[in-house]
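Fold and geometry: a report
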Amino acid sequence: MKKANIKLEDLACPSCAIKIESAVKGVDGVEDDSVKVLFNASKVKVNFDEDKTDIKEIEDSIQKIGYQVKKSTLR
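So, here's what we can say about the structure. What you see is a predicted model, and the numbers here were worked out from it, not measured in a lab. (Residues numbered from 1 in each chain as written. Predicted model: local features only at pLDDT ≥ 70, side-chain atom pairs only at ≥ 80, totals over all residues. Heavy atoms only, no water.)

With that out of the way, let us pick up helix α2 (residues 55-64). Within α2, burial applies to Ile55, Ile58, Glu59, Ser61 and Ile62. Projected onto a plane normal to the axis of α2, the buried residues spread over an arc of 155 degrees and lie on a single side. With its phi angle positive at about 100 degrees, Gly66 sits one or two positions after the end of α2. (Buried < 20%, exposed > 50% of the residue type's maximum accessible area, 1.4 Å probe, protein only. Helix = DSSP H or I, 4+ residues; strand = E, 2+ residues; numbered from the N terminus. Arc of directions from axis to C-beta.)

The following block contains the structure:
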């Protein structure tokens, strides 16, 4: 299991965070309970199974709904 911190553009409203959370949870291999969107920090914290998905696929799910990913870090 990999852990990722994904820095986003500044989020404009709390409903943005809900949309992003749903998109990330929709990626196969993401641990649903681990997804946390930090509205004030404009960050997403997530755990995922690297055998099923990768950070690029998670970033793509966020960008497809119209939010810019600035930087991702893995642990």
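Past the structure itself, the notes keep going.
This next bit is on the pattern of salt bridges. Applying the stated criterion to the full structure yields two salt bridges. Two residues, Glu21 and Lys25, come together in a salt bridge whose shortest N-O distance is 3.0 Å. Taken together, the residues span about one helical turn, with Glu21 and Lys25 both in helix α1 (residues 14-25) at a distance of four residues. Accessibility expressed as a relative area gives 32% for Lys25, which makes it partly exposed. (Salt bridge = Lys/Arg side-chain N within 4 Å of Asp/Glu carboxyl O.)

What follows covers α1. Given a rise of 1.5 Å per residue, twelve residues ought to cover 16 Å, and the 17 Å separating the end C-alpha atoms of α1 matches this to within 8%. Of all the residues in α1, the buried ones are Cys16, Ala17, Ile20, Ala23 and Val24. With its buried residues spanning 125 degrees around the axis, α1 presents them on a single face. In this structure, α1 carries Pro14 and Ile18 as exposed residues pointing more than 90 degrees from its buried face. Against the buried residues of α1 lie β1 (2-8), β2 (36-38), β3 (43-48) and α2. (Expected span 1.5 Å × (residues − 1). Contact = heavy atoms within 4.5 Å.)

In this section: the nonpolar core. Looking at soluble globular proteins, one finds that nonpolar side chains tend to be buried together. Of all hydrophobic cores here, the largest spans 20 residues; its most connected members are Ile6, Ile20, Val24 and Ile62. Those elements that place two or more of their residues in this core are β1, α1, β3 and α2. With four residues, α1 is the largest single contributor of residues to this core. Not counting the four nearest positions on each side in its chain, Ile6 is found in contact with Ser42, Lys43, Val44, Val46, Ile55, Ile58, Ile62, Val69, Lys71 and Ser72. (Core = buried A, V, L, I, M, F, W, Y, C linked by side-chain atoms within 4.5 Å.)

Glancing now at a positive patch on the surface. Residues Lys3, Lys36, Lys43, Lys45, Lys71 and Arg75 make up a contiguous surface patch of positive charge. In this fold, Lys43 is placed in strand β3. Look at Lys43 and you get partly exposed, because its relative accessible area is 32%. (Patch = residues over 30% accessible without salt bridge, like charges linked within 9 Å, V, L, I, M, F, W, Y side chains within 5 Å. Areas by Shrake-Rupley, 256 points an atom, 1.4 Å probe, with all protein chains shown as cover. Lys, Arg positive; Asp, Glu negative; His and termini not counted. Charge placed at Lys NZ, Arg CZ, Asp CG, Glu CD.)

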